[in-house]
Amino acid sequence: NRTSTWQEGHAHLYVNGRKITRLYGPWYFLDGLPEGKVTIMVTLNSNRHEDLFHDGKQIQATVELD
């Protein structure tokens, strides 16, 4: 088994709390969003899918669309 490292990994994309896909590149075409308010969150994860943290906080970004 390989040990996780913060230098390697990918991102997870969530829409309204539901994981949509893994992200390995700088962009992703996201279509077919539901009507109304939508919360989009991206987290950084190790290659073993563990959440990555910095100074005790999960590395993630969230945006709400309406």
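Trainee: Talk me through the sheet that holds strand S3 (residues 38-46); I want residue IDs and the actual numbers.
Mentor: The sheet built from 4 strands is open, its strands ordered S2-S1-S3-S6 with antiparallel pairing. Strands with a single pairing partner mark the edges of an open sheet, and in this sheet they are strand S2 (18-23) and strand S6 (60-65). Between one strand and the next, the sheet's axes are offset by a mean angle of 20 degrees, whatever the strand orientation. In this sheet, S2 lies alongside strand S1 (residues 9-15) in antiparallel orientation, the contact comprising 5 bridges. Along S2, the bridge assignment pairs Leu13 with Thr21.

Trainee: Hey, could you go over the side chain of His12 for me, with residue numbers and the actual values?
Mentor: Along the chain, the position of His12 falls in strand S1. Accessibility expressed as a relative area gives 3% for His12, which makes it buried. One polar contact links His12 to His10, side chain to side chain, over a distance of 3.0 Å. A polar contact of 3.2 Å, which involves the side chain of His12, links it to the side chain of His49. Excluding residues that lie within four positions of it along the chain, His12 makes contacts with Lys19, Thr21, Arg22, Met41, Val42, Thr43, Asn45 and His49.

Basis of the calculations
Residues numbered from 1 in each chain as written. Predicted model: local features only at pLDDT ≥ 70, side-chain atom pairs only at ≥ 80, totals over all residues. Heavy atoms only, no water. Pairing = 2+ DSSP bridges. Helix = DSSP H or I, 4+ residues; strand = E, 2+ residues; numbered from the N terminus. Axes fitted to C-alpha atoms, helices over the stretch in contact; angles between N-to-C directions. Buried < 20%, exposed > 50% of the residue type's maximum accessible area, 1.4 Å probe, protein only. Polar contact = N/O pair within 3.5 Å; in protein donor to acceptor, adjacent residues only side chain to side chain. Contact = heavy atoms within 4.5 Å.

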